[in-house]
Amino acid sequence: MSSSAAMQPQMDLSAFQFIIATVDEQVGVIQLNRPDKLNAISIPLMIELVDCLDWMDKSDDVRCIIITGNEKAFAAGADIEQMAKATTMEMLLLDQFARWDRIRKIHKPIIAAVSGYALGGGCELAMTCDMIVASETAKFGQPEVNIGVIPGAGGTQRLTRAVGKAKAMEIILTGRMVTAEEALQCGLINKVAPVELYLEEAKALAKEIAAKPPIAIRLAKESILKSFDTTIEGGLDFERKAFYLLFASEDKQEGMNAFLEKRKPQFQGR
Ligand code: CAA
């Protein structure tokens, strides 16, 4: 066993109750699995999702991750049943959104493959991913005002950055649903596909990214995300250091040698 294999964390993917996780051709797919509740994001579901993402982030077998739901719902929001009786102090002490911060820290690229409802926390989960591929039937929205609250898992921030102030105001203040076509036009999502094909499209995108050098992909993702919370000066400095850092990777040498030798590179993630 190689030292890297010895460090591989163990995970029984069949033990989950609220998600279905698989790995194929270096793409990890996590399907949210509470179909009778339109995949409403309960705390147990979130615990499993984050545990699985953590494992996939560390596994050498995974280079890109997809989070998906089913044809009817990606996720219809945080679990309203759980929140209905909660008090302020319970919410504060529970600090359930801390778990969402873990998703933000995942190094590998995450693609949301969305069909049907992506509402409230469901839309926020899709926006926490790095890219969104949607089916023609996808419906995005932040309907929290309809139940007396506001988005609590990043919706006011991420939607505004994705679509701009005017559109974010309209979507959040009316709570209306946005079709896949409108979401594409306003820059919220990457691609729309027929419902039979959206997951295949997401997998094709994931495999394309999985074939690239993993450390360059990781640092490219980090640098892009950095642009959301720093000045242009700070962002350019970060990018430059990340660029220089890659000159220490074997994959940089392999990529450049392969180009010069006119052959296909074999990237090892080192
Ligand atoms: N939480 C808990 N249960 C939910 C749910 C949610 N967010 N969304 C749907 N469900 C449940 C329903 O209660 C129902 O369960 P039962 O069969 O046991 O009654 C089941 O899923 C099917 O839902 P509907 O019968 O309502 O299905 P529909 O097709 O008639 O309507 C819908 C679909 C328009 C999406 C509707 O379910 C709906 O409006 N859901 C709530 C959407 C919402 O408000 N999301 C925001 C939640 S708050 C939040 O997410 C906060 C945050 O920022 C993190």
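Whatever comes next refers back to the structure up there.
Residues numbered from 1 in each chain as written. Predicted model: local features only at pLDDT ≥ 70, side-chain atom pairs only at ≥ 80, totals over all residues. Heavy atoms only, no water.

Trainee: What is the right way to look at a negative patch on the surface in this model?
Mentor: A cluster of acidic side chains, namely Glu71, Glu136, Glu181 and Glu196, defines a negative patch on the protein surface. Note that glutamate 71 resides in the loop between β3 (64–68) and β4 (73–75). (Patch = residues over 30% accessible without salt bridge, like charges linked within 9 Å, V, L, I, M, F, W, Y side chains within 5 Å. Areas by Shrake-Rupley, 256 points an atom, 1.4 Å probe, with all protein chains shown as cover. Salt bridge = Lys/Arg side-chain N within 4 Å of Asp/Glu carboxyl O. Lys, Arg positive; Asp, Glu negative; His and termini not counted. Charge placed at Lys NZ, Arg CZ, Asp CG, Glu CD. Helix = DSSP H or I, 4+ residues; strand = E, 2+ residues; numbered from the N terminus.)

Trainee: Can you walk me through the pattern of salt bridges in this structure?
Mentor: Working definition: two side chains of opposite charge can pair if their charged atoms are close together. Considering all chains together, one arrives at 14 salt bridges under this definition. Note that arginine 34 is salt-bridged to aspartate 79, the shortest N-O span being 2.9 Å. Of the two residues, arginine 34 is situated in the loop between β2 (27–32) and α2 (43–58) and aspartate 79 in the loop between β4 and α3 (80–84); the sequence distance between them amounts to 45 residues. The same class applies to arginine 34 as to aspartate 79, namely buried. Glutamate 170 is the partner of arginine 176 in a salt bridge, and the nearest nitrogen-oxygen pair spans 2.6 Å. Among the charged side chains, a salt-bridge network with shared partners connects Lys167, Glu170, Arg176 and Glu182. (Buried < 20%, exposed > 50% of the residue type's maximum accessible area, 1.4 Å probe, protein only.)

Trainee: Quick question: what am I supposed to make of the side chain of glutamate 124 here?
Mentor: Mapped onto the fold, glutamate 124 is located in helix α6 (residues 121–128). The charged side chain of glutamate 124 is buried without a salt bridge, its nearest counter-charge being arginine 158 at 6.9 Å. Only 3.3 Å separates the side chain of glutamate 124 from the backbone nitrogen of glycine 152, close enough to count as a polar contact. Engagement of the side chain of glutamate 124 in a polar contact is seen with the backbone nitrogen of glycine 154, the distance being 3.2 Å. (Polar contact = N/O pair within 3.5 Å; in protein donor to acceptor, adjacent residues only side chain to side chain.)

Trainee: Would you take a moment to explain the packing of helix α7 (residues 155–163) against helix α8 (residues 165–174) for this structure?
Mentor: Geometry of a packed helix pair, given as the angle between the helix axes and the separation of the axes. Packing of α7 against α8 brings their axes to within 7 Å, and their N-to-C directions diverge by 135°. The orientation of α7 with respect to α8, classified from their angle, is oblique. As for the relative orientation of α7 and α8, their crossing is right-handed in sense. Touching Gly155, Thr156, Leu159, Thr160 and Val163 of α7 are Lys165, Lys167, Ala168, Ile171 and Ile172, all from α8. Residues of the contact of α7 with α8, tallied by class, amount to five nonpolar, three polar and two charged. (Axes fitted to C-alpha atoms, helices over the stretch in contact; angles between N-to-C directions. Parallel < 35°, antiparallel > 145°, perpendicular 65-115°, else oblique. Left-handed = near helix turned anticlockwise from the far one by under 90°. Contact = heavy atoms within 4.5 Å. Nonpolar A, V, L, I, M, F, W, Y, C, P; charged D, E, K, R; others polar.)

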